[in-house]
Amino acid sequence: MSTRLPLAGVLRLGRPSDIWFKPALSVVAAVAPPNLALLVLGRLDLAMYTMAGSLCALYAHNRPYAARARALAWVILGMLGGLATALLTASLTRSAVVLVAVGAVLAAVQKVLCDATRIGPPGNVVLTFISSAALFVPQSPDRIPGHLGLAAAAGAWAWLVGMAPGLLRPHGPERRATATALNAAAAHAEAHVGGEDTAGTHGTAVIAVRAARQALSSTTGTPLTAAHLALERLVVRAEVALAAPSDADPAPLRDWARQVRGNRPVPEVPDLTGVDSEPVPRPGPLWHRLRPLAPLALRTALGCALAGYASLALGIGRPYWAVVTAASLYQADLALTWGRGVQRVVGNLLGVLFFAALVPLAHTGEVALVLCCLALNFGAEALIGRNYWLGSVCVTPMALLITEFAGFQQPGPLITERVVDTLVGALVGLAAAVVVPHRARVVRAERAGPRTLAATGSSRGRHPDQRTGKTTEGVRP
């Protein structure tokens, strides 16, 4: 057990992302206007629906703006689809057994679609949180269009917030990814020349170069600018340095990286395209990418359903917390799933303690409640890139405070239910991961990606979390 499911390193903090403040500020900018408008109108009870749309601003921060526009639009449509299904189901039945079943199926669909499309962090968890919570809110058919309208309006605002930085730096994401690849290749070359252990620098450089290639390739279908072509030539230089570190000069690589990060013209270098480099292969049809994920869908549906029913059996009034906990666990293999479970439990337990300390302030009035939620949104997004458990310390009290938009509640029962649902969801979710086999062949192929890149300079392989530089399948709440 200790060999396959390790604890060492699971809670270790990573370095913050270079743009940690950008998604944090974006989510505040997306959440604040709708919530403040509802506060002025005296309708904070509707905040759950505007939050559904606003939280779409969490996605696609490292994608070029043309690709980001498409990705955010699909996320908003996916959010509205899940929310509509949940609201319609809630209006037709109050059977908790049926609601948990629908929530589990929705969680499975959201998980496989997010993985197949490689939408990136925060993945399926935010979508599952929205749809699962909506299932357990009393609903009537005549109110559904208005609630969906609020979510759509907030989603449109979130889309504008996500696209706004492109007005100042239209190539910002590609520039950042290229600069990171150049610096990582320079660090690997320096370690190689200095006779140091290059395992760590090589892995970091592989991920960085792949991320830069993916960022540049995601603009396919849009007219290529001179800046884009210049960035591609710089990424080729990073690939060449990675393939032959003994022949690479780190100094120009770092100098190019400094120039690329700003708004200055992209440095022009001789074109080496074709030297140990291949374009990122275009993904196949969505159906072909969904088929290998059938075991993952079964694992997610089974784990979420059993977690929800276990919560109901214990008399918990909000079984969707157990459903969301189970849905948040599933990663590429059992060891990663175990690690995510440990992070989830630790983060949530610390989070409920933070909630207990914060709730007296939040209960001083609706303004304080809204401001606390905004601060927690910022903190969650600023910290979650360092480790999932650290971000969960802010996500957990935020989720608990959202339940109070319709009216203040006694904190004791809220804390108890959240702790029980976290433990139940984690234990049952892990049990489902053991019962339903993982995609062994897919995992082996994905893990071969870095070796392939090292040999050829190509960027095939797993989709990296471009906020943390680690391979992952998404985070949150």
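Residues numbered from 1 in each chain as written. Predicted model: local features only at pLDDT ≥ 70, side-chain atom pairs only at ≥ 80, totals over all residues. Heavy atoms only, no water.

*Asks:* Explain the packing of aromatic side chains here, please?
*Replies:* To describe a pair of aromatic rings, one takes the distance between the centres and the angle between the planes. In the structure shown here, the tally under the stated rule is four aromatic pairs. With a centroid separation of 5.8 Å and an interplanar angle of 85 degrees, the aromatic rings of Trp20 and Phe21 are classed as edge-to-face. When the centroid spacing of 6.3 Å and the interplanar angle of 75 degrees are considered together, the rings of Trp20 and Phe378 count as edge-to-face. Within this pair, whereas Trp20 is found in the segment before helix 1 (21-41), its partner Phe378 is found in helix 15 (residues 366-383), the two being separated by 358 residues in sequence. Judged by relative accessible area, Phe378 falls into the partly exposed class, the value being 28%. Feature note: the residues Trp20, Phe21 and Phe378 constitute an aromatic cluster, connected by ring pairs. (Phe/Tyr/Trp six-rings, centres within 6.5 Å; stacked < 30°, edge-to-face > 60°. Helix = DSSP H or I, 4+ residues; strand = E, 2+ residues; numbered from the N terminus. Buried < 20%, exposed > 50% of the residue type's maximum accessible area, 1.4 Å probe, protein only.)

*Asks:* Help me understand the pattern of salt bridges in this model?
*Replies:* Oppositely charged side chains can form a pair if their charged atoms are brought close together. For the structure shown, the criterion picks out seven salt bridges. Note that Asp115 is salt-bridged to Lys111, the shortest N-O span being 3.6 Å. Of this pair, Asp115 and Lys111 are both found in helix 4 (residues 96-117), four residues apart, which corresponds to roughly one turn of the helix. In this structure Asp115 comes out as buried when scored by relative accessible area, which is 17%. The partner of Glu268 in a salt bridge is Arg233, and the shortest N-O contact between them spans 2.7 Å. In this pair, Glu268 is assigned in the loop between helix 10 (250-261) and helix 11 (286-290) and Arg233 in helix 9 (residues 226-243), connecting sequence segments 35 residues apart. The class for Glu268 is exposed, based on a relative accessible area of 55%. (Salt bridge = Lys/Arg side-chain N within 4 Å of Asp/Glu carboxyl O.)

*Asks:* I tried to follow the nonpolar core on my own but got confused; where do I start?
*Replies:* A general feature of soluble globular proteins is that nonpolar side chains tend to end up buried together. Grouped together as the largest cluster of nonpolar side chains are 64 residues, with contacts concentrated most on Leu44, Tyr59, Met79, Leu83, Leu401 and Phe405. Considering every element that reaches this core, the biggest residue donor is helix 3 (residues 65-92), with nine residues. Residues contacting Leu401, with those up to four places away along its chain left out, are Phe355, Leu358, Ala362, Leu369, Cys372, Cys373 and Leu376. Residues Ala205, Ala230, Ala248 and Val269 belong to the second largest nonpolar core, which totals 29 residues. (Core = buried A, V, L, I, M, F, W, Y, C linked by side-chain atoms within 4.5 Å. Contact = heavy atoms within 4.5 Å.)

*Asks:* Help me understand unusual backbone geometry in this model?
*Replies:* Across residues other than glycine, the phi torsion is negative in most instances, and most of the peptide bonds are trans. In this structure, Pro122 follows Pro121 across a cis peptide bond, with omega equal to 0 degrees. In this structure, Pro122 sits in the loop between helix 4 and helix 5 (124-135). In this model, Ala60 sits at a positive phi of 65 degrees, which is unusual for a non-glycine residue. Here Ala60 is to be found in the loop between helix 2 (47-54) and helix 3. Its identity is not glycine, yet Arg118 carries a phi of approximately 55 degrees, on the positive side.

*Asks:* What am I meant to see in the state of the cysteines here?
*Replies:* Cysteine pairs can be covalently joined through their sulfur atoms, and such a bond is termed a disulfide. Applying the stated rule across the entire model yields zero disulfides. Not engaged in a disulfide, the cysteine Cys372 finds its nearest cysteine sulfur in Cys373; these two sulfurs lie 7.1 Å apart. What makes Cys372 buried here is its relative accessible area of 9%. (Disulfide = S-S within 2.5 Å.)

*Asks:* Would you explain the environment of Thr300 in this entry?
*Replies:* Secondary-structure assignment places Thr300 in helix 12 (residues 294-313). Owing to a relative accessible area of 0%, Thr300 belongs among the buried residues under this scheme. Those residues in contact with Thr300 that sit more than four places away from it in its chain are Ala107, Ala108, Lys111 and Tyr330.

*Asks:* Before we go on, may I ask you to explain the packing of helix 4 against helix 12 in this structure?
*Replies:* The description of two packed helices rests on the angle between their axes and on the distance between the axes. It is the contact of helix 4 with helix 12, at a shortest axis distance of 8 Å, that shows an interaxial angle of 150 degrees. The angle between helix 4 and helix 12 places the two elements in the roughly antiparallel class. Relative to helix 12, the crossing made by helix 4 is right-handed. Facing Ala96, Val97, Val100, Ala101, Ala104, Ala107, Ala108, Lys111, Val112 and Asp115 of helix 4, the residues of helix 12 in contact are Leu296, Ala297, Thr300, Ala301, Cys304, Ala305, Gly308, Tyr309 and Leu312. (Axes fitted to C-alpha atoms, helices over the stretch in contact; angles between N-to-C directions. Parallel < 35°, antiparallel > 145°, perpendicular 65-115°, else oblique. Left-handed = near helix turned anticlockwise from the far one by under 90°.)

*Asks:* I'm lost on helix 10 in this one. Help?
*Replies:* Along an α-helix, a turn takes 3.6 residues, which lines up residues three or four apart on a common side. With twelve residues, helix 10 should cover 16 Å at 1.5 Å per step; its first-to-last C-alpha distance of 17 Å lies within 8% of that length. In the core, the buried residues of helix 10 are packed alongside helix 7 (172-193) and helix 9. N-capping of helix 10 is provided by Asp249, with a side-chain oxygen placed 3.2 Å from the backbone N of Ala251. (Expected span 1.5 Å × (residues − 1). Polar contact = N/O pair within 3.5 Å; in protein donor to acceptor, adjacent residues only side chain to side chain.)

*Asks:* Would you take a moment to explain the side chain of Arg418 for this structure?
*Replies:* Following the sequence through the fold, Arg418 ends up in helix 17 (residues 411-435). With residues near it in sequence (within four places) discarded, Arg418 still touches Trp321, Arg344, Asn348, Val352, Thr396, Ala399 and Leu400.

Shape is all these values report; function is a separate question.
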